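Letter by letter, the chains look like this.
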Amino acid sequence: MLKVNDLSMVYETPGGEKVSALSDISFSLDKGEFLTVLGPSGCGKTTLLNIIAGFLQPTQGEAVFDDELVSGPSPQRGMVFQQGALFEWMSVEKNVSFGPRMADKPKPDAEIRDNTQHWLDTVGLSDFGKKPVYELSGGMQQRVALARCLANDPGLILMDEPLGALDALTREKMQGLLLKLWKETGKTVILITHSVEEALILGERLFVMAPRPGRIEKEYRLPFAEQGVADDSRKIKAQPDFVQVREEIISMIWAMEEEIMGHQGEKQ
Ligand SMILES: Nc1ncnc2c1ncn2[C@@H]1O[C@H](COP(=O)(O)OP(=O)(O)O)[C@@H](O)[C@H]1O
Ligand SMILES: [Mg+2]
C-alpha cells in the first residue's frame, strides 16, 4: 500500500552546508499496519514523514501510495502534529469539518454534519462541538486533531509526536484511544515518538532510526499492539518480553546519543 524506494534527502543550509538527513531508506507497509518510528533527535524522522505526506520533495528516490507517486499533499494522507495545528479561535466542530467542507467536491451539509458528529463521538468529544478549541485541555485538543484527520477518511495517517506534549496519564489514555481507533477503522498508521514504551505499545512494526545519515538501524515486529487492543497496557509493560526489548532499544539509542555528543565535542 505504501512503498518507499531508496529515499534520500540532502538539505542545503543558507550557509551552503549540505546536511544528509536521510540516506537510502526503503520499506513497504501493508494496509492496516501500525508502524512506529523511534530515534535520537535529528535522525530524520520528521523529514521522512514530511516526504510521505508530500510536504517535501526528496533529493533521491520516491514514495508511492496506493500505486500513485507522492508529489504533493493529499487528503488521502492525513497528518496529526504535536500541537498548535488547529484553528484555535474556531469551534471544535468547524475544525473537524474543515477538510470535508474544503474538499474539491464537498458532500451535502447534512452528511458533513453527521460525519463530524460521528468522529467527535468516537474520540469522546460528543458534547464539545460548539466550544472554541482554545478552551480545551491539551489532551482534548489532540482528540480534536485526530477527529479532524479522520473526518477526511484518509487511507494513511501520519503522526509526528502527537502525544509528546501531554502529561503521562493523558498520554496513556490517548494511546488506548489510538489502538481502539486503529482496530476499528483498519487504517494504516505511521507514528513518530520519542518514547520507547509508546513505540512498543502502539507499533506492530517499529523502526529504530540512526543519524548521520538518517537510516533505519533496526526493525522489529511486535505482538504488543494487538494485545493492547484487548488487554491493559500496564500488564503488557510488565511482561518479560516487553521489558527485554525495551531495554535493548534504550541501550541502542543511548549509544547513538553518546556518539552524537562525541561528534559535537570534536567540532568544538
Ligand atoms: N530545512 C532544513 N534545512 C537544513 N537542515 C535541516 C532542515 N530540516 C531538517 N534539517 C536537518 O536534517 C536532520 C534531520 O532532521 P529531522 O527530520 O527534523 O529529524 P528528527 O525529526 O528525527 O529530529 C537534522 O540534522 C536537521 O538539523
Ligand atoms: Mg522531528
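Residues numbered from 1 in each chain as written. Chains lettered and ligands numbered in written order. Predicted model: local features only at pLDDT ≥ 70, side-chain atom pairs only at ≥ 80, totals over all residues. Heavy atoms only, no water.

With that settled, consider the sheet that holds strand S8 (residues 188-192). If you walk across this open sheet you meet the six strands as S6-S7-S8-S3-S9-S10, and the pairing is mixed. Of all the strands in the sheet, just strand S6 (77-80) and strand S10 (215-221) have a single pairing partner and so form its edges. Neighbouring strand axes in the sheet, compared pairwise and without regard to direction, differ in orientation by 20 degrees on average. In this sheet, S10 lies alongside strand S9 (residues 205-210) in antiparallel orientation, the contact comprising six bridges. Each residue of the ladder has a partner; that of Arg205, found in S10, is Arg221. Against the sheet, helix H1 (residues 45-53) engages strand S3 (34-38), S6, strand S7 (156-160), S8 and S9, with an angle of about 150 degrees to S7. (Pairing = 2+ DSSP bridges. Helix = DSSP H or I, 4+ residues; strand = E, 2+ residues; numbered from the N terminus. Axes fitted to C-alpha atoms, helices over the stretch in contact; angles between N-to-C directions. Contact = heavy atoms within 4.5 Å.)

Right, let's talk about the pairing of S3 for a bit. The element S3 is largely enclosed, with a buried count of five among its five residues. Every second residue of S3 is oriented toward a common face, with Phe34, Thr36 and Leu38 on one face and Leu35 and Val37 on the other, all of them buried. Sheet topology note: the S3/S8 ladder contains four bridges and is parallel. Within S8, the residue paired with Thr36 across the bridge is Leu191. Bridge analysis of S3 against S9 gives four bridges, and the strand direction is parallel. Bridge assignment links Thr36 to a residue of S9, and that residue is Leu206. (Buried < 20%, exposed > 50% of the residue type's maximum accessible area, 1.4 Å probe, protein only.)

When two helices pack together, their arrangement is given by the angle between the helix axes and by the axis-to-axis distance. Relative to each other, helix H4 (residues 138-151) and helix H5 (residues 168-185) sit at 15 degrees, their axes nearing to 10 Å. When the axis of H4 is compared with that of H5, the two are roughly parallel. In terms of crossing hand, the pair formed by H4 and H5 is right-handed. Across from Gly139, Gln142, Arg143, Leu146 and Leu150 in H4, the residues of H5 making contact are Thr170, Lys173, Met174, Leu177, Leu178 and Leu181. (Parallel < 35°, antiparallel > 145°, perpendicular 65-115°, else oblique. Left-handed = near helix turned anticlockwise from the far one by under 90°.)

Attention now goes to the sheet that holds strand S5 (residues 68-69). Ordered in space as S2-S1-S4-S5, the four strands form an open sheet in which the pairing is antiparallel. The open sheet terminates on both sides in strands that have one partner only, identified here as strand S2 (18-29) and S5.

Note that Asn50 resides in helix H1. Once residues within four sequence positions are removed from consideration, Asn50 is found in contact with Phe55, Leu56 and Met79.

Below, the discussion takes up the site of ligand 1. Taken together, the neighbourhood of ligand 1 is formed by Tyr11, Val19, Ala21, Ser41, Gly42, Cys43, Gly44, Lys45, Thr46 and Thr47. Between ligand 1 and the protein, one listed contact pairs an oxygen atom with a backbone N or O atom of Gly42 at 2.7 Å. Here an oxygen atom of ligand 1 sits 2.9 Å away from a polar atom, N or O, in the side chain of Lys45. Relative to its free-state accessible area of 560 Å², ligand 1 is covered by the protein chains to the extent of 62%. Listing elements by their share of the shell around ligand 1, those giving two or more residues are S2 and H1. The residue makeup of the shell around ligand 1, split by class, is four nonpolar, five polar and one charged. (Near = heavy atom within 4 Å. Polar contact = N/O pair within 3.5 Å; in protein donor to acceptor, adjacent residues only side chain to side chain. Areas by Shrake-Rupley, 256 points an atom, 1.4 Å probe, with all protein chains shown as cover. Nonpolar A, V, L, I, M, F, W, Y, C, P; charged D, E, K, R; others polar.)

With that settled, consider the domain arrangement of the chain. Taken domain by domain, the chain consists of domain 1 (1-76 + 158-238 + 253-263) and domain 2 (83-153). Centre-to-centre separation of domain 1 and domain 2, based on C-alpha positions: 24 Å. Taken together, the contact between domain 1 and domain 2 spans 16 residues of the former and twelve residues of the latter. Taking both sides of the interface into account, the surface hidden between domain 1 and domain 2 amounts to around 1,100 Å²; carbon and sulfur atoms contribute 68%. Counting the surface domain 1 buries against domain 2, the share from its top three residues, Met174, Leu181 and Lys187, is 36%. Here domain 1 is connected to domain 2 by one salt bridge. A salt bridge links Lys187 to Asp153, with the shortest nitrogen-to-oxygen separation between them at 2.5 Å. On the surface where domain 1 and domain 2 come into contact, there are three residue pairs in polar contact (both at pLDDT 80 or more). With nine residues, the single largest contributor to the side of domain 1 that touches domain 2 is H5. Considering only residue class, the side of domain 1 that touches domain 2 consists of nine nonpolar, three polar and four charged. (Domains from an automatic or database assignment. Buried area = accessible area lost by both parts, 1.4 Å probe. Salt bridge = Lys/Arg side-chain N within 4 Å of Asp/Glu carboxyl O.)

With that settled, the discussion passes to the nonpolar core. Ranked by internal contacts, the top residues of the largest apolar core, which has 50 residues, are Leu146, Met159, Leu200, Leu206, Val208, Tyr220 and Ile249. Per-element accounting of this core gives the leading share, seven residues, to H4. Each of two domains, domain 1 (1-76 + 158-238 + 253-263) and domain 2 (83-153), supplies a minimum of three residues to this core. Apart from the residues within four sequence positions on either side, Val208 is in contact with Leu38, Arg215, Ile216, Glu217, Lys218, Tyr220, Ile249, Met252, Ile253 and Met256. One finds Met9, Leu22, Leu156 and Leu158 within the second-largest nonpolar core, a separate group that totals 26 residues. (Core = buried A, V, L, I, M, F, W, Y, C linked by side-chain atoms within 4.5 Å.)

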